[in-house]
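Geometric and topological summary
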Amino acid sequence: MAYSAGCLENKEKHKTMFEQEKKEMIEAGIKMDRYGLIALSGGNVTLRMPSGEILVTPSGMIYEDMVPEDVLVMDIEGNVIEGERKPSVDTVALLYILKHMPEVNAVIHTHQPYATGVGLVTDEIPCNLTTLANATRGSVKVCPYSSAASEQMGVEVVENIGDRLAVILKHHGVVSVGESLKQALCACVYLEEAAKTYSVAFSMDEQVPELNAEQVERAVEVFRHYGQGTPALPK
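Reading the values: the criteria
- Residues numbered from 1 in each chain as written.
- Predicted model: local features only at pLDDT ≥ 70, side-chain atom pairs only at ≥ 80, totals over all residues.
- Heavy atoms only, no water.
- Helix = DSSP H or I, 4+ residues; strand = E, 2+ residues; numbered from the N terminus.
- Rg over C-alpha atoms; globule rule 2.2 N^0.38 Å.
- Buried < 20%, exposed > 50% of the residue type's maximum accessible area, 1.4 Å probe, protein only.
- Contact = heavy atoms within 4.5 Å.
- Pairing = 2+ DSSP bridges.
- Core = buried A, V, L, I, M, F, W, Y, C linked by side-chain atoms within 4.5 Å.
- Polar contact = N/O pair within 3.5 Å; in protein donor to acceptor, adjacent residues only side chain to side chain.
- Phe/Tyr/Trp six-rings, centres within 6.5 Å; stacked < 30°, edge-to-face > 60°.
- Salt bridge = Lys/Arg side-chain N within 4 Å of Asp/Glu carboxyl O.

1. Focus: the overall build of the protein chain
- Counting its secondary structure elements, the protein chain contains 8 helices and 9 strands.
- Taking 235 residues into account, the globule formula puts the C-alpha radius of gyration at 18 Å, and the protein chain, at 19 Å, falls close to it.
- Taken along the three principal axes of its C-alpha coordinates, the protein chain extends 70 × 45 × 30 Å.
- A burial count over the protein chain gives 45% of its 235 residues as buried.
- Once local pairs closer than 6 in sequence are excluded, the contacts in the protein chain between residues at least 24 apart make up 61%.

Written out as structure tokens, the structure is:
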């Protein structure tokens, strides 16, 4: 099918920025729902581009209903570069995290019930499982309460996450971070699985054994060699 010069110019004009990355963000949101980390339009996904732009999912939209044009492009100060939708109400917190954690490119926020529930009655989910060590690099702290849609939410994440890849927001949910969307998604999914396992174990015996520091370090190292395209695990 042939296009006139005017049609081609019009198609190029309406082409969305970072279309592939936006599709990946929407797919991450759909996976969050699939793994029971959110309901309906809960949570959000944020991604930093190598060129510095920030992609943020819109407020109050179900991920399955989103198209790439719904995802906003903004600068680190929150000025919208592209997009007509209202951004996530947590944008001020998400931008604070990205400003103060330059090593982070992806931020995922969920309302996952097991990790959030455990966070109501404890200050930390201990590292009892190799999968938690793999995905979050150890035990996961619970932040003091902060309101949704506030910069303080971002402050609490930065102050409490340490060298881990996830933190629990008391009375609220979870924030996970990563160099990539995949890393951030793995952190919140495996945190939820660990919280389920911990809940079951604690209901039978409050003395739940933990991995020691050496075991955690080994599990973290193993995960660096996990999957395709990674170096082979040294013998």
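2. Focus: the sheet that holds strand S9 (residues 173-178)
- If you trace the 9 strands from one edge of the open sheet to the other, you get S4-S3-S2-S1-S5-S9-S8-S7-S6, paired in mixed fashion. Looking along the sheet, the strands with just one partner apiece sit at the ends: strand S4 (80-82) and strand S6 (124-125).
- Of the pairings in the sheet, the one linking strand S2 (residues 54-56) to strand S3 (residues 72-74) comprises 3 bridges and is antiparallel in character. When the bridges of S3 are listed, Val56 appears paired with Leu72.

3. Thoughts on the nonpolar core
- One finds Met32, Val107, Ile125, Ile168, Val175, Val177 and Leu191 to be the most contacted residues of the largest nonpolar core, which totals 61 residues.
- With 10 residues, the top contributor of residues to this core is helix H7 (residues 181-204).
- Residues within four places of Ile125 in sequence aside, it is in contact with Ala115, Val118, Leu132, Ser139, Val140, Ile168, Leu191 and Ala195.

4. Structural notes on the side chain of Ser88
- Examined against the element boundaries, Ser88 turns out to sit in the loop between S4 and helix H3 (91-100).
- Since its relative accessible area comes to 7%, Ser88 is described here as buried.
- Reaching out from Ser88, the side chain makes a polar contact with the side chain of Asn44 at a distance of 3.1 Å.

5. Some thoughts on the environment of Val89
- Checked against the element boundaries, Val89 lands in the loop between S4 and H3.
- Val89 sits in the partly exposed class, given a relative accessible area of 49%.
- Sequence-distant contacts of Val89, defined by excluding residues within four places in its chain, comprise Ser59 and Ala149.

6. Comments concerning the packing of aromatic side chains
- Inspection of every chain in the model, using the stated rule, returns 2 aromatic pairs.
- Seen in terms of ring centroids, Tyr198 and Phe202 are 5.8 Å apart; in terms of plane orientation they differ by 35°. Their pairing is tilted. Of the two residues, Tyr198 and Phe202 both sit in helix H7, 4 residues apart, roughly one turn of that helix.
- Judged by relative accessible area, which is 15%, Tyr198 ranks as buried.
- On the basis of relative accessible area, Phe202 is assigned to the partly exposed category, the value being 35%.
- Taking 5.2 Å as the distance between ring centres and 15° as the angle between the ring planes, the aromatic pair formed by Phe223 and Tyr226 counts as stacked.
- Phe223 sits in the partly exposed class, given a relative accessible area of 24%.

7. Details of unusual backbone geometry
- A positive phi is found at Leu40, a non-glycine position, where the angle reads about 50°.
- According to the relative accessible area criterion, Leu40 is exposed, its value standing at 61%.
- Phi at Arg137 is positive, roughly 75°, even though this residue is not glycine.

8. Remarks on the environment of Asn134
- Structurally, Asn134 is set in helix H5 (residues 130-136).
- In this structure Asn134 comes out as buried when scored by relative accessible area, which is 17%.
- A C-alpha to C-alpha distance of 5.3 Å links Asn134 and Phe223, two positions 89 residues apart in sequence.
- In this view, Asn134 contacts Ala219, Val220 and Phe223; residues no more than four positions away in its chain are not counted.

9. Section: the pattern of salt bridges
- Throughout the structure, instances matching the rule amount to 8 salt bridges.
- For the salt bridge of Lys23 with Glu19, the shortest nitrogen-to-oxygen distance reads 4.0 Å. One end of the pair is Lys23 and the other is Glu19, both in helix H2 (residues 19-34) and 4 residues apart, which spans about a single turn.
- Here Lys23 falls in the partly exposed class, since its relative accessible area comes to 42%.
- For Lys99, the salt bridge is made with Glu77, and the minimal N-O distance between the two is 3.2 Å. Of this pair, Lys99 sits in helix H3 while Glu77 sits in the loop between S3 and S4, and the two are 22 residues apart along the sequence.
- Lys99 gets classed as partly exposed once you look at its relative accessible area, which sits at 42%.

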